[in-house]
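Descriptive analysis of the structure
Now for the letters of each chain:
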Amino acid sequence: MLFYSFFKSLVGKDVVVELKNDLSICGTLHSVDQFLNIKLTDISVTDPDKYPHMLSVKTCFIRGSVVRYVQLPADECDTQLLQDAARKEAAQNKTR
């Protein structure tokens, strides 16, 4: 739930999603669900020469299982908060 909560806080921000098939899509994060499926709006492809069929697409839904990386804006990522939350969640899981 840590990553889900984190991604929910990034709704409305510009992100780059790299897929397992090497397609990278830039867009505005519209929504994310508990399976880390991502919906992007105002998308563009980082390599339009390689994927010309994607030029006409403006909105896309990306299944969470095909995502390799999500590049976030540096100023939106509070790493200290993420580390503290990860430690807290690990400690809770250890006591169970």
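Under an unreviewed UniProt entry, the chain has the name U6 snRNA-associated Sm-like protein LSm2 and belongs to Littorina saxatilis. What UniProt records for the chain under Sequence similarities (unreviewed entry) is the sentence "Belongs to the snRNP Sm proteins family." Under the Subcellular location (unreviewed entry) heading, UniProt states for the chain: "Nucleus".

Examining the pairing of strand β2 (residues 24–32)
Bridge count for strand β1 (residues 14–19) against β2 is five bridges, and the pairing is antiparallel. Residue V15 lies in a different strand from β2, and its bridge partner there is G27. Taking the residues that link successive antiparallel strands as the turn, the β1-β2 hairpin has four residues, and the phi of D22 there is positive, at about 70°. Taken together, the six bridges between β2 and strand β3 (residues 38–45) define a ladder with antiparallel strand orientation. When the bridges of β3 are listed, L29 appears paired with L40.

Considerations on the pattern of salt bridges
Across all of its chains, the model carries three salt bridges by this definition. Residue E18 is joined to R68 by a salt bridge in which the shortest nitrogen-to-oxygen separation is 2.9 Å. With E18 in strand β1 and R68 in strand β5 (residues 67–71), this residue pair connects regions lying 50 residues apart in the sequence. Under the relative-accessibility criterion, E18 is labelled buried at 18%.

Section: the nonpolar core
Counting residues in hydrophobic clusters, the biggest one holds 19 residues, and the most contacted among them are V17, I25, I38, L40 and I62. Listed by contribution, the elements that provide at least two residues to this core are α1 (2–8), β1, β2, β3 and β4 (59–62). When residues in this core are grouped by element, the largest group, four residues, is from β3. Sequence-distant contacts of V17, that is, excluding residues within four places in its chain, are made with L23, S24, I25, I38, L40, I62, V67 and Y69.

Looking at the sheet that holds β4
The five strands lie next to each other as β4-β3-β2-β1-β5, forming an open sheet whose pairing is antiparallel. The sheet terminates laterally at β4 and β5, the two strands that pair on one side only. Adjacent strand axes in the sheet meet at a mean angle of 40° when their direction is disregarded.

Section: the UniProt feature "domain: Sm" (unreviewed entry) in the chain
The UniProt feature table records "domain: Sm" (unreviewed entry) at residues 2–76. Regarding residues 2–76, the helix share stands at 9% and the strand share at 43%, and the terminal C-alpha atoms are separated by 16 Å.

The rules we used
- Residues numbered from 1 in each chain as written.
- Predicted model: local features only at pLDDT ≥ 70, side-chain atom pairs only at ≥ 80, totals over all residues.
- Heavy atoms only, no water.
- UniProt positions renumbered as here; feature names shortened; annotations may be inferred.
- Pairing = 2+ DSSP bridges.
- Helix = DSSP H or I, 4+ residues; strand = E, 2+ residues; numbered from the N terminus.
- Salt bridge = Lys/Arg side-chain N within 4 Å of Asp/Glu carboxyl O.
- Buried < 20%, exposed > 50% of the residue type's maximum accessible area, 1.4 Å probe, protein only.
- Core = buried A, V, L, I, M, F, W, Y, C linked by side-chain atoms within 4.5 Å.
- Contact = heavy atoms within 4.5 Å.
- Axes fitted to C-alpha atoms, helices over the stretch in contact; angles between N-to-C directions.

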